[in-house]
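Descriptive structure summary
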Amino acid sequence: MSLSELAALIRDVPDFPQPGILFRDITTLIRHGDGFAATITHLARRARAAQAEVIAGMEARGFIFGAAVAAQLGIGFVPVRKPGKLPVPTIGIDYALEYGRDRLEIDPTAIDPGARIVIVDDLIATGGTALAATELLRRAGGQVAHALFVIDLPDLHGADRLRGAGVTVEALLDFAGH
């Protein structure tokens, strides 16, 4: 499927999670078998070109796309989790959200020193979560130089912030607004 066909599978939900926000809902894309498969193929091609050795995805929608990309490439997947979800000792990072703070954690033994990690997620908006994941994965010894997203909301400048941290950013689709 073409990227424009994939874009047509994204549902717009006005005023969610608050008035004035136009939410880009990927559940309509992932429930479409051909569309979901095509999305994974597009992302996997880009991850292969970036010479990914490991895919990392942030909870929760990054698990959907990232694990599927890793499986298609035959490489490992590292989940970047919310606090308290991993049963082993972790390293973590606190970061700012638009309306508060959050934390991400990983199992540091899941990262081989120097491994080329590609981050995969559904959407980049302000970039806070992706920046935090990048810092955390680097702190664990990985090389994060590439991030892939299904959707970029360029008006929120998250991709620019991630590029400022030395990460090449690619998105399959761009949508104006927030």
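Note that this is a predicted model, so its numbers are computed, not measured. Within each chain, residue numbers correspond to sequence positions counted from 1 in written order. At least 70 in pLDDT is required for a residue's local features to be given in this predicted model, at least 80 for side-chain atom pairs to be given and counted, and no such filter applies to totals for whole chains, interfaces and linings, which use all residues. Each side-chain value is derived from all of the structure's non-hydrogen atoms; neither hydrogens nor water enter the calculation.

**A short note on the sheet that holds strand β7 (residues 116–124)**
- A pair of strands counts as paired when DSSP detects no fewer than two bridges linking them. Put simply, DSSP marks the helices as runs of H or I at least four residues long and the strands as runs of E at least two long, and each gets a number from the N terminus on. Spatial ordering of the open sheet is given by β4-β3-β7-β8-β9, a layout of five strands whose pairing is parallel. Here the strands that pair on one side only, and so sit at the sheet edges, are β4 (76–80) and β9 (168–174). Across this sheet, the average inter-strand angle for adjacent strands is 20 degrees, counted without regard to direction.
- Across four bridges, strand β3 (residues 54–58) lies against β7 in parallel orientation. Within the sheet, the bridge partner assigned to I55 lies in β7 and is V118.
- Sheet strands in contact with helix α4 (residues 61–73) are β3, β4, β7 and β8 (143–152), and its direction is about 165 degrees off that of β3.
- The strands touched by helix α5 (residues 128–139) are β3, β4, β7 and β8; relative to β7, the strand with the most contacts, the crossing angle is about 165 degrees. As a rule, the C-alpha atoms of each element are fitted with a line to give its axis, helices using only the stretch in contact, and angles between N-to-C directions run from 0 to 180 degrees. Every residue pair with non-hydrogen atoms within 4.5 Å of one another is taken to be in contact.

**A closer look at the pairing of β8**
- Across the 10 residues that make up β8, a large majority, eight, are buried.
- Of the strand pairs in this sheet, β7 and β8 are connected by eight bridges, and their pairing is parallel. Bridge pairing links D121 to F149 in β8.
- By definition, the crossover connecting two strands over a helix is right-handed if that path, from the first strand to the second, turns clockwise as seen with the strands pointing away from the viewer. At this point the chain moves from β7, through α5, to the parallel β8, and the crossover so formed is right-handed.
- Inspection of the sheet shows β8 paired to β9 by six bridges, in the parallel sense. Within β9, the position partnered with D152 by the bridge is D174.
- Remark: the β8/helix α6 (residues 158–164)/β9 crossover connection has right-handed handedness. Three labels apply to residues, based on accessible area from a 1.4 Å probe with only protein chains included: buried if under 20% of the type maximum, exposed if over 50%, partly exposed otherwise in between.

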